[in-house]
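In case you want the letters, here they are:
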Amino acid sequence: MPVVKLHDGATIDVEVRGAGPTLLLPVNPRPVEGPQADEMRKWGADPALGHSLIEGLSDAFQVVAFDYEGHVLGTPKPDTLTPDNIAGDLLTVADAVGADRFAYYGYSWLALSGLQLAIRTGRLSALVMGGFPPVGGPYGEMLRVTTATHEMSVAAESAPTTPKTPNEPGDWSSVEVSMTRAQTQQFVTLYQALQGFDDRAAQTRISCPRLCFVGSADEMEYGERWGDVHVSMAGAITSRRAELETLGWDVRVLDGLDHTGAMQAAHVVPILRPWLISEVGAEDLRAAPPGGRS
């Protein structure tokens, strides 16, 4: 298992599974267990999401899995989690496994990270963005949400309170912020750096095949504590579908699914696997030596 040093000197474990065209997958390869897993299930999340994605893809691809989100939460980068540094980290992971060319799939903020990667390198063989629009991204709205979250984390450190449990799973308005000042600041840093980013103009800098998907119900309402911000992932994609397709994007809309539902492996793998095979699999597999690349 390679251990990779990232832009701030911290290291991350990388797990490589399968053979074939390389796919960078920023997910936790190990299932979460115990009480944390039980709580995740209550909220519709899959404690074994990364494992399930790897199992569904590693028969056709060399999957390079690394828990980038877990890493930045465990080793926060309050002043350095910028698009440039994220793209640099992703390229460092690719370098560590000897991948000159590779596909990338990310969901939510890891999807926008893939977009930032794609406009900074010609090494991508394919880009898949889930749960975040390639054009018309809610960068301003997410800055407001992350700034409010950061302010709440600072207040919680100054005057700690006992976290309360939501009355019912899905009641986000009652969730107490449990992240630290440094953890929340890094996402403020990210979205501050993206203010003024013209994702429409950036499309000319993407040279690889590209796919985006979203749940049709991916509309997030943040309550009063977050400034009553509405973040529309679905609307930004469905309203621009024709434009996105003209720009070279394949677009999939998953009927009835919200942000959490659309990230589940049962919905992602049936989209991701055949599309990647059609775009990069056949050509790369013909060029690979017997047994695939290791």
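Residues numbered from 1 in each chain as written. Predicted model: local features only at pLDDT ≥ 70, side-chain atom pairs only at ≥ 80, totals over all residues. Heavy atoms only, no water.

Draft legend 1. Region of the structure containing a negative patch on the surface. Taken together, the side chains of E219, E221, E224 and D228 define an acidic patch exposed on the protein surface. If you trace the backbone, E221 turns up in strand β9 (residues 219–221). (Patch = residues over 30% accessible without salt bridge, like charges linked within 9 Å, V, L, I, M, F, W, Y side chains within 5 Å. Areas by Shrake-Rupley, 256 points an atom, 1.4 Å probe, with all protein chains shown as cover. Salt bridge = Lys/Arg side-chain N within 4 Å of Asp/Glu carboxyl O. Lys, Arg positive; Asp, Glu negative; His and termini not counted. Charge placed at Lys NZ, Arg CZ, Asp CG, Glu CD. Helix = DSSP H or I, 4+ residues; strand = E, 2+ residues; numbered from the N terminus.)

Draft legend 2. Quick peek at the packing of helix α6 (residues 139–158) against helix α7 (residues 181–193). It is the contact of α6 with α7, at a shortest axis distance of 8 Å, that shows an interaxial angle of 160°. Between α6 and α7, the angle falls in the class roughly antiparallel. Read as a crossing pair, α6 and α7 show a hand that is left-handed. Here Y139, M142, L143, T146, T147, T149, H150, S153, V154 and E157 of α6 lie close against α7, whose contacting residues are R181, T184, Q185, F187, V188, Y191 and Q192. Residues belonging to the contact of α6 with α7 are distributed by class as follows: seven nonpolar, eight polar and two charged. (Axes fitted to C-alpha atoms, helices over the stretch in contact; angles between N-to-C directions. Parallel < 35°, antiparallel > 145°, perpendicular 65-115°, else oblique. Left-handed = near helix turned anticlockwise from the far one by under 90°. Contact = heavy atoms within 4.5 Å. Nonpolar A, V, L, I, M, F, W, Y, C, P; charged D, E, K, R; others polar.)

Draft legend 3. View of helix α4 (residues 83–96). Taking 1.5 Å per residue as the helical rise, α4 with its 14 residues ought to reach 20 Å, and the 20 Å between its terminal C-alpha atoms agrees with that figure. Within α4 the residues assigned to the buried category are P83, I86, A87, D89, L90, L91, V93 and A94. Within two residues after α4, G98 carries a phi angle of roughly 70°, on the positive side. (Expected span 1.5 Å × (residues − 1). Buried < 20%, exposed > 50% of the residue type's maximum accessible area, 1.4 Å probe, protein only.)

Draft legend 4. Region of interest: the environment of A94. Among the secondary structure elements, A94 is positioned in helix α4. Along the primary structure A94 and L24 are separated by 70 residues, whereas in three dimensions their C-alpha atoms are 7.4 Å apart. Excluding residues that lie within four positions of it along the chain, A94 makes contacts with L24, A99, F102 and R123.

Draft legend 5. Quick look at α6. A rise of 1.5 Å per residue sets the reference length of α6, with its 20 residues, at 28 Å; its end C-alpha atoms lie 29 Å apart and thus fit the reference within 8%. Residues Y139, M142, L143, V145, T146, A148, T149, H150, M152 and S153 constitute the buried set of α6. Looking at the packing, one finds that the buried side of α6 touches α5 (109–118), α7 and β10 (230–232).

Draft legend 6. Structural context of the side chain of S113. Its location among the elements puts S113 in helix α5. Those residues in contact with S113 that sit more than four places away from it in its chain are I86, L90 and Y104.

Draft legend 7. Representation of the sheet that holds strand β8 (residues 210–215) within the structure. With mixed pairing, seven strands are arranged side by side in an open sheet as β3-β5-β4-β6-β7-β8-β11. Edge positions in the sheet fall to β3 (15–17) and β11 (249–254), since each has one partner strand and no second. With strand direction ignored, the average angle separating the axes of adjacent strands in the sheet is 15°. Bridge count between β8 and β11: six bridges; the pairing is parallel. Looking across to β11, one finds that C212 is bridged to V251. With respect to the sheet, α4 is in contact with β4 (22–25), β5 (62–65) and β6 (102–107), its orientation differing from that of β6 by roughly 135°. (Pairing = 2+ DSSP bridges.)

Draft legend 8. Region of interest: the environment of A99. Note on placement: A99 falls in the loop between α4 and β6. Look at A99 and you get buried, because its relative accessible area is 2%. Taking the C-alpha atoms as reference, A99 lies 9.1 Å from P21; in sequence the two are 78 residues apart. If sequence neighbours within four positions are ignored, A99 has contacts with T22, A94 and R123.

Draft legend 9. A look at the packing of aromatic side chains. Under the defined criterion, the tally for this structure stands at seven aromatic pairs. When the ring of Y107 is compared with that of F213, the centres are 6.0 Å apart and the planes differ by 40°; the resulting orientation is tilted. Placement of Y107 in strand β6 and of F213 in strand β8 is noted, with a sequence separation of 106 residues between them. Judged by its relative accessible area of 10%, Y107 falls in the buried class. The buried category is assigned to F213, whose relative accessible area is 1%. Ring geometry for W109 and F187: centres 5.3 Å apart, planes at 80°, overall edge-to-face. Placement of the pair is W109 in helix α5 and F187 in helix α7, with a sequence separation of 78 residues. When sorted by exposure, W109 lands in the same class as F187, which is buried. (Phe/Tyr/Trp six-rings, centres within 6.5 Å; stacked < 30°, edge-to-face > 60°.)

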